[in-house]
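Each chain, letter by letter, is given below.
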Amino acid sequence: MRRSSTFARQVLLVRVGRRDGDPHPTDLAPTEHRYADRQRRRYGLDRLSRPTLGVDPTLGLGRADVDAVMPVSPAMPPMTQTDEAHSIPLLPGERTMARRMKFGLVNACTLASLMLGMLAIFLAMQGEVRMAALCLIACVGFDGLDGALARRLGVASPFGAQMDSLADMCSFGLAAPVVVYASLAGSVSTAAAAVACALVAACAAIRLARFNVSPKDGRFFCGVPTTMAAAVLAVTVAIGLPVPGAVLVAGVALLAFAMVSSFPYAKLARLVKLPPWLWLAPVIGALVDIRLTFALIVVGYLVSGPVLWLRQRRTA
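What comes next concerns the included structure. Quick caveat, the model's predicted, so the values are computed rather than measured.

Further remarks concern the overall build of the protein chain. When its secondary structure is counted, the protein chain shows 14 helices and two strands. A total of 316 residues make up the protein chain; the buried ones form 33% of that total. A fraction of 73% describes how many contacts in the protein chain between residues 6 or more apart in sequence connect residues 24 or more apart. Put simply, the protein chain shows about 20400 Å² of open surface, and 67% of that area lies on carbon and sulfur atoms.

And the structure:
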């Protein structure tokens, strides 16, 4: 009983006055100081850090070295002084009301693309795969609109770029595979459809991350863009290509690998500059058979990457 009461008094009342020279020996020390002093006494480190005893010069130990090796309680993190946090403006440049409204409009388009992607997932879960595919096509439209508005209105920002990338991952990296998986239900095995759609999600994440950290090329994409891949999948589901399920699964997997490939694919700005007669052929083909014309355009675009890659290697 006497030993336990003595221990209780030592825990509750720490006499810091005798140690620090305080004339009031009954003052209570803060919790972190009591714990630190107790650890120094337990490991014999207090005698090394006393200025009266000194430190062995051959050891090269100082107060900082002793504090570095002293155990730290996981319940009480060390007290560190942090600089005052400064908020970084989301919109660089002049922050007028007009520019803020423009900035809000651009981000509203990005959020609209994200919400449409979520709606596509909900519709696909209910079996409305064609309506879900149409929502994905609308996502593609809003995704292109926010970037065009940001450049035209002069409110492009790193925040907008990151937000657009996250929205693309949700709409094109997650919603598109879910819609494709729902459309393949019953025509192919569940495992094959799941693997193909999982490849689309994984490759979309890799493609978006690589795009964010890679230098931009004004002429070509490195791999098929995520937006274009999602558009191809959405249109395929919307028009209902009359091909076997195994061919669709193979096409989905091929499109996923094309996103992370190193083949150069022409941007839309370069395609617009093509001669008008080249645009006339797809229009006439769409009037005759839209499904066959769409399949030929997709295959031609996918083949153009390896062709351009071989051409660049020969000329290099």
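Next comes the rest of the description.
Right, let's talk about the packing of helix H6 (residues 97-125) against helix H7 (residues 129-153) for a bit. The interhelical angle for the contact between H6 and H7, taken along N-to-C directions, is 165°, at an axis separation of 8 Å. By the criterion of interaxial angle, the relationship of H6 to H7 is roughly antiparallel. In terms of crossing hand, the pair formed by H6 and H7 is left-handed. For the contact of H6 with H7, a count of residues per class yields 20 nonpolar, three polar and three charged.

Here we come to the environment of Leu123. Residue position: Leu123 is located in helix H6. Judged by relative accessible area, Leu123 falls into the buried class, the value being 16%. When the C-alpha atoms of Leu123 and Cys135 are compared, they prove to be 9.1 Å apart, with 12 residues separating the residues in sequence. Those residues in contact with Leu123 that lie beyond four places of it in its chain are Glu128, Met131, Ala132 and Cys135.

The rules behind these values
- Residues numbered from 1 in each chain as written.
- Predicted model: local features only at pLDDT ≥ 70, side-chain atom pairs only at ≥ 80, totals over all residues.
- Heavy atoms only, no water.
- Helix = DSSP H or I, 4+ residues; strand = E, 2+ residues; numbered from the N terminus.
- Buried < 20%, exposed > 50% of the residue type's maximum accessible area, 1.4 Å probe, protein only.
- Contact = heavy atoms within 4.5 Å.
- Areas by Shrake-Rupley, 256 points an atom, 1.4 Å probe, with all protein chains shown as cover.
- Axes fitted to C-alpha atoms, helices over the stretch in contact; angles between N-to-C directions.
- Parallel < 35°, antiparallel > 145°, perpendicular 65-115°, else oblique.
- Left-handed = near helix turned anticlockwise from the far one by under 90°.
- Nonpolar A, V, L, I, M, F, W, Y, C, P; charged D, E, K, R; others polar.

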